[in-house]
Protein chains: 2
Amino acid sequence: MTPQKTFRETIAEGEALFQPSVSLDCVIFGFHENELKVLLVKAKASEHWALPGGFVFKEEDLDDAAIRVLKERTGLNDIFLQQFHVFGSAKRSDWNVHRTNFKKDGIEIGPDHWLLKRFITVGYYALVEFAHVKPTLDTSSDACTWWDLNDIQELFMDHKQILDSALDTLRLQLNHLPIGYNLLPQKFTMPELQKLYETILNKSLDRRNFQRRMTGFGILKRLKETRKGGAHRAPFLYSFDMRKYRKALKQGLYGGW
Amino acid sequence: MTPQKTFRETIAEGEALFQPSVSLDCVIFGFHENELKVLLVKAKASEHWALPGGFVFKEEDLDDAAIRVLKERTGLNDIFLQQFHVFGSAKRSDWNVHRTNFKKDGIEIGPDHWLLKRFITVGYYALVEFAHVKPTLDTSSDACTWWDLNDIQELFMDHKQILDSALDTLRLQLNHLPIGYNLLPQKFTMPELQKLYETILNKSLDRRNFQRRMTGFGILKRLKETRKGGAHRAPFLYSFDMRKYRKALKQGLYGGW
DNA sequence: GTTCATTGCGTCGAACTGACACAATGATAC
DNA sequence: GTATCATTGTGTCAGTTCGACGCAATGAAC
């Protein structure tokens, strides 16, 4: 069973397999070399790169479908994954434009084909540890790789808008959720954590105030080790105190009212 | 065209009219007599009360469908309305249980009828001014009325869960959005605004600190008038400074980082 | 006019925030 | 081996905010 064949199969049998009208797209964030990255796929159906997405099997929970898509693209289970918005504009998909692209691959689909119908898509965003991800092709894609957030100009259909919306959500969540755990390796230094925050917020923070604030949350454990090998003074390594981390995940970092 | 007839028509023609698989439900919050209220409908299809909901026309934007449902139930346009979560469990709907209820109303539907299929529903929550709402029946309901939040025990399908989720979202939004504008009349007193916050958060706040904080946001205008007629000192009336209010809606009340 | 719950305004110490100083560290250059 | 120097750990300090509470003014009820 070649990939091409399963792709054809999916296209042929999709209507029977999937919940109609509904799709999902994942904005998968990673952090590498002090830059925020997004995992994109090059869809066969288009010239453009796209967010990894998929459809929901008829007996499958929506959230499980998102977990499945993530697992298929990254090889990862047990990941921070959250829906953030539904994109339901009537005109958001224009698959008909892409019929010709299918043709180029020798795949003919009729004008009433299920793939050409209107889809309402649920946006999920995921935070993953860059080094653990093995970007994996699926049968409907030519490529699957990390993109630097700053290099992304135009994407398939409304996927750029979905991406921007996910970034907004991430920036908002940064205020009341302990984000670092999902994007950094288990052990990390304070400057690394700060770079992550600076990158997401796109603004520089005071080193000393940042440290005071983060330690103040009480969700970090300072280890005895330091990160040697840098050109200067070796910073301490930290890891998350999982008990307090989970508590903060539920309650939020700020009490609010 | 009697209501009963359009109900039958909708049931008969729905498959051709609506986007399959997708529905939406609205959690409509109001504030009255110092209590948080939710607008519910008594569905013909069930013994239970339900959230006002609907389906998406084939050429209609998802958000427009929510606006339409809200307009139909409340008579209101131009309302604070926001999607907050998608409920996509495969087992969330068990319409088959309710086939018998249709039968009681003399409506027979087959086992493959579109209404019995699986739906993924998008949850919207709305904040409305209680006094402006005219609860309006639709053709699929026996009743439509306000319920006190505390009196709601069990609802249709998973609607109680949807309601609880909306309330969580509202409580979270309270931290960074100027909420009062949508739930209170144009002119209101500080104690009234405080009661609203206390009701939503289910906890009492210090009168003086509340006032300092709210005025500190700079989105309120104190009017020259006072609310006479109360048994004691007449409190000043306030209204929202719309320019600063809209700015706060976009930027959030707290800077965060 | 007295009563009294409620409202407007203010105070005070504790906690937090932003800006910055200074010493310690550790690889690199010489 | 030692000087260099960017980077890190820790601390200070003034300005601001926050939670708790005091007190006088108000206005309907008696």
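Just so it is clear, the model here is predicted, and its values are computed rather than measured.

1. Thoughts on the overall build of chain A
For chain A, the helix and strand inventory stands at eight helices and ten strands. C-alpha extents for chain A along the principal axes are approximately 65 × 45 × 30 Å. In chain A, buried positions account for 51% of the 257 residues. For chain A, the proportion of contacts with a sequence separation of at least 24, taken over those separated by at least 6, is 73%. Roughly 13,000 Å² of accessible area belongs to chain A as shown, and the carbon and sulfur atoms make up 49% of that amount. Of the charged side chains in chain A, 37 are positive and 32 negative; the average position of the first set lies 10 Å away from that of the second.

2. Notes on the packing of helix α6 (residues 190-201) of chain A against helix α7 (residues 207-217) of chain A
Residues and elements named next belong to chain A. The geometry of α6 relative to α7 is characterised by a closest axis approach of 10 Å and an angle of 100° between their N-to-C directions. One element, α6, and the other, α7, form an angle in the roughly perpendicular class. Residues Met190, Leu193, Gln194 and Tyr197 of α6 touch α7, and the partners they reach there are Arg207, Phe210, Gln211, Met214 and Thr215. Of the residues assigned to the contact of α6 with α7, the class counts are five nonpolar, three polar and one charged.

3. Some words on the side chain of Gln83(B)
Among the structural elements, Gln83(B) can be located in strand β5 (residues 80-87). Here Val86(A) takes part through its backbone nitrogen, which lies 2.7 Å from a polar atom of the side chain of Gln83(B). If we skip the residues at most four places from it in the chain, Gln83(B) touches His85(A), Val86(A), Leu62(B), Asp63(B), Val122(B), Gly123(B) and Tyr124(B).

4. A closer look at the protein's contact with DNA strand D
Looking at DNA strand D, there are 20 residues lining it, with Arg208(A), Arg233(A), Arg208(B), Arg212(B) and Arg233(B) nearest. For DNA strand D, the backbone makes up 44% of the atoms found within 4 Å of the protein, where backbone means sugar plus phosphate. The side chain of Arg222(A) places a nitrogen or oxygen atom 3.2 Å from a phosphate oxygen of DNA strand D. Measuring from a base nitrogen of DNA strand D, one finds a side-chain N or O atom of Asn209(B) at 2.9 Å. Counting residues per element, the surface near DNA strand D draws most heavily on α7(A), which supplies four residues. The class makeup of the residues in the surface near DNA strand D is five nonpolar, five polar and ten charged.

5. Section: the protein's contact with DNA strand C
For DNA strand C, the set of nearby residues contains 21 residues, the closest of which are Arg208(A), Arg212(A), Arg233(A), Arg208(B) and Arg233(B). Expressed as a percentage, the sugar and phosphate content of the atoms of DNA strand C within 4 Å of the protein is 45%. Within the contact set of DNA strand C, a phosphate oxygen lies 2.9 Å away from a backbone nitrogen or oxygen of Phe236(B). Broken down by secondary-structure element, the contributors of at least two residues to the surface near DNA strand C are α7 of chain A together with α7 (207-217) of chain B. Of the residues belonging to the surface near DNA strand C, the class tally is five nonpolar, six polar and ten charged.

6. With respect to the sheet that holds strand β8 (residues 188-189) of chain B
The pairing of strands in a sheet happens through backbone hydrogen bonds and is either parallel or antiparallel. All names here are of chain B. Read from one edge to the other, the open sheet built from three strands follows the order β8-β10-β9, with strand pairing classed as antiparallel. Both edges of this open sheet fall to β8 and β9 (220-226), since each of them pairs with a single strand only. As paired strands, β9 and strand β10 (residues 236-240) are joined by four bridges and run antiparallel to one another. Bridged to Arg222 within β10 is Tyr238.

7. Some remarks on the packing of aromatic side chains
Enumeration according to the criterion identifies 34 aromatic pairs over all chains in this entry. Centre to centre, the rings of Phe18(A) and Trp114(A) are 5.7 Å apart; their planes meet at 45°, and the pair counts as tilted. With a gap of 96 residues between them, Phe18(A) in strand β1 (residues 18-32) and Trp114(A) in the loop between α3 (99-104) and β6 (120-127) connect regions that are remote in the sequence. Residue Phe18(A) is classed as buried on the basis of its relative accessible area, which comes to 8%. Take Trp114(A): its relative accessible area is 8%, and that puts it in the buried class. Ring geometry for Phe240(B) versus Tyr245(B): centroids 5.3 Å apart, planes at 65°, classification edge-to-face. Judged on exposure class, the residue Phe240(B) and its partner Tyr245(B) are both buried. Here a set of aromatic residues connected by ring pairs shows up, and it is made of Phe18(A), Phe55(A), Phe57(A), Trp114(A) and Phe119(A).

8. Some words on the confidence of the model for chain A
The share of residues in chain A with pLDDT of 70 or more is 96%, and the mean pLDDT across the chain is 91. Per-element confidence in chain A ranges from a low mean pLDDT of 76 for α3(A) to a high of 98 for β6(A).

9. Quick look at the sheet that holds strand β9 (residues 220-226) of chain A
Spatially, three strands are ordered β8-β10-β9 (chain A) in an open sheet, and the strand pairing comes out antiparallel. The strands lining the two open edges of the sheet, one partner per strand, are β8 (188-189) and β9 of chain A.

10. Here we look at the domain arrangement of chain A
Residue and element names in this part refer to chain A. What the domain assignment reports for chain A is domain 1 (3-157) and domain 2 (180-251). Computed from C-alpha coordinates alone, the two centres of domain 1 and domain 2 are separated by 32 Å. Carbon and sulfur atoms make up 69% of the area that domain 1 and domain 2 hide from each other, which totals about 860 Å². Considering only the side of domain 1, the residues that lose the most area to domain 2 are Phe31, Leu36 and Glu129, jointly responsible for 56% of the buried surface there. Our enumeration of links across domain 1 and domain 2 arrives at zero salt bridges. Elements with a minimum of two residues in the side of domain 1 that touches domain 2: β1 and β2 (35-43). Ranked by residues supplied to the side of domain 1 that touches domain 2, first place goes to β1 with three residues. In terms of residue class, the side of domain 1 that touches domain 2 is built from six nonpolar, two polar and two charged.

Analysis parameters
- Residues numbered from 1 in each chain as written.
- Chains lettered and ligands numbered in written order.
- Predicted model: local features only at pLDDT ≥ 70, side-chain atom pairs only at ≥ 80, totals over all residues.
- Heavy atoms only, no water.
- Helix = DSSP H or I, 4+ residues; strand = E, 2+ residues; numbered from the N terminus.
- Buried < 20%, exposed > 50% of the residue type's maximum accessible area, 1.4 Å probe, protein only.
- Contact = heavy atoms within 4.5 Å.
- Areas by Shrake-Rupley, 256 points an atom, 1.4 Å probe, with all protein chains shown as cover.
- Lys, Arg positive; Asp, Glu negative; His and termini not counted.
- Charge placed at Lys NZ, Arg CZ, Asp CG, Glu CD.
- Axes fitted to C-alpha atoms, helices over the stretch in contact; angles between N-to-C directions.
- Parallel < 35°, antiparallel > 145°, perpendicular 65-115°, else oblique.
- Nonpolar A, V, L, I, M, F, W, Y, C, P; charged D, E, K, R; others polar.
- Polar contact = N/O pair within 3.5 Å; in protein donor to acceptor, adjacent residues only side chain to side chain.
- Near = heavy atom within 4 Å.
- Pairing = 2+ DSSP bridges.
- Phe/Tyr/Trp six-rings, centres within 6.5 Å; stacked < 30°, edge-to-face > 60°.
- pLDDT = per-residue confidence, 0-100.
- Domains from an automatic or database assignment.
- Buried area = accessible area lost by both parts, 1.4 Å probe.
- Salt bridge = Lys/Arg side-chain N within 4 Å of Asp/Glu carboxyl O.

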